[in-house]
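Residue-level structure breakdown
The residues making up each chain are set out below.
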Amino acid sequence: MDKHEGRDAGTIRLDDPWYDALAVGWGEGGEASPPTPAPDGRPGPGASEIYLEVQRSAAFQEVRSRYRRFVVPATAGFFLWYVAYVVAATAAPGVMARPVTGAVNVAMLAGLGQFLSTFLLTWAYARHARLRRDRAALDLRWTVFEQERGQERNRARGTGR
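Residues numbered from 1 in each chain as written. Predicted model: local features only at pLDDT ≥ 70, side-chain atom pairs only at ≥ 80, totals over all residues. Heavy atoms only, no water.

A short note on the overall build of the protein chain
Definition in use: Helix and strand definitions follow DSSP, with helices as H or I runs of at least four residues and strands as E runs of at least two, each counted in order from the N terminus. The buried label applies to any residue whose accessible area, calculated with a 1.4 Å probe on protein chains only, is under 20% of its type's maximum; exposed applies above 50%, and partly exposed to all values in between. Residue contacts are counted whenever heavy atoms from the two residues lie within 4.5 Å of one another.
In terms of helices and strands, the protein chain carries 5 helices and 2 strands. When its helices and strands are written in sequence order, the protein chain yields α-α-α-α-β-β-α. Split into buried and exposed, the 161 residues of the protein chain put 20% on the buried side. Here the contacts in the protein chain between residues at least 6 apart in sequence split such that 62% fall between residues at least 24 apart.

Set out below in structure tokens:
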């Protein structure tokens, strides 16, 4: 997608895949047009075949594995940290009530640590997505968009005869 400069800097280009996805009625109960036959008489690939092909691709599998390599350990770690906090609060109230500074005790610091770890995990997830997955996922999206656009061109040529 190209950047616009000048008077129309904030406009969306019509070949933006996210814009077209909404414009064609995805998720709005729109009717899908049937695949048109290829020149040799066989039916052309439909949208579901395109998505299945992309799902089987090595690029898609790499994006999924990068996602899982981050999310599974992060979720497990955060869940264990949360369970440890709850267990400590119920099983060791004396430890949690131990004062650290003034009216601040261990339980308060651990509770604030829950919030802090949530924000840190959110930041780490967004950073990981931006650095490791977004570019590859956008490339996959453009691949699907180009294949669907090619189907539409073939349909238009087939009906325009």
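Things to note about helix α3 (residues 58–91)
Using the following cut-off: A helix is expected to span 1.5 Å multiplied by its residue count minus one.
In this model, α3 (34 residues) spans 48 Å end to end at C-alpha, consistent with the 50 Å of a helix rising 1.5 Å per residue. All of the buried residues in α3 are V63, F70, V71 and A74.

Considering the side chain of H128
Among the structural elements, H128 can be located in helix α5 (residues 106–159). Judged by relative accessible area, H128 falls into the buried class, the value being 15%.

Observations regarding the nonpolar core
Applied cut-off: Residues enter a nonpolar core if they are buried and are Ala, Val, Leu, Ile, Met, Phe, Trp, Tyr or Cys, with the set joined through side-chain atoms within 4.5 Å.
Of all hydrophobic cores here, the largest spans 5 residues; its members are I50, V54, V63, L140 and V144. Within the residue set of this core, elements represented by two or more residues are α2 (47–56) and α5. Apart from residues lying up to four places away in sequence, L140 is in contact with V54, S57, A59, F60 and V63.

Some remarks on the environment of R157
Counted only if it meets this: Between N or O atoms, a polar contact is any pair within 3.5 Å; within protein, one atom must be a potential hydrogen donor and the other a potential acceptor, and residues adjacent in sequence are included only when both atoms are from side chains.
Along the chain, the position of R157 falls in helix α5. According to the relative accessible area criterion, R157 is exposed, its value standing at 51%. For R157, the side chain forms a polar contact with the side chain of N154, separated by 3.2 Å.

Focus on the packing of aromatic side chains
Threshold: Between rings of Phe, Tyr and Trp, where Trp is taken as its six-membered ring, a pair exists when centres lie within 6.5 Å; planes separated by under 30 degrees are stacked, by over 60 edge-to-face, and by other angles tilted.
What the rule picks out here adds up to 2 aromatic pairs. Geometrically, the ring pair formed by F70 and Y125 is tilted, given 5.9 Å between the ring centres and 50 degrees between the ring planes. Linking F70 in helix α3 with Y125 in helix α5, this pair joins segments that are 55 residues apart in sequence. Under the relative-accessibility criterion, F70 is labelled buried at 17%. Looking at Y125, the relative accessible area reads 33%, which means it is partly exposed. With a centroid separation of 5.3 Å and 85 degrees between ring planes, the pair formed by W142 and F145 is classed as edge-to-face. On the criterion of helical spacing, the pair formed by W142 and F145 is a turn pair, its members being 3 residues apart in helix α5.

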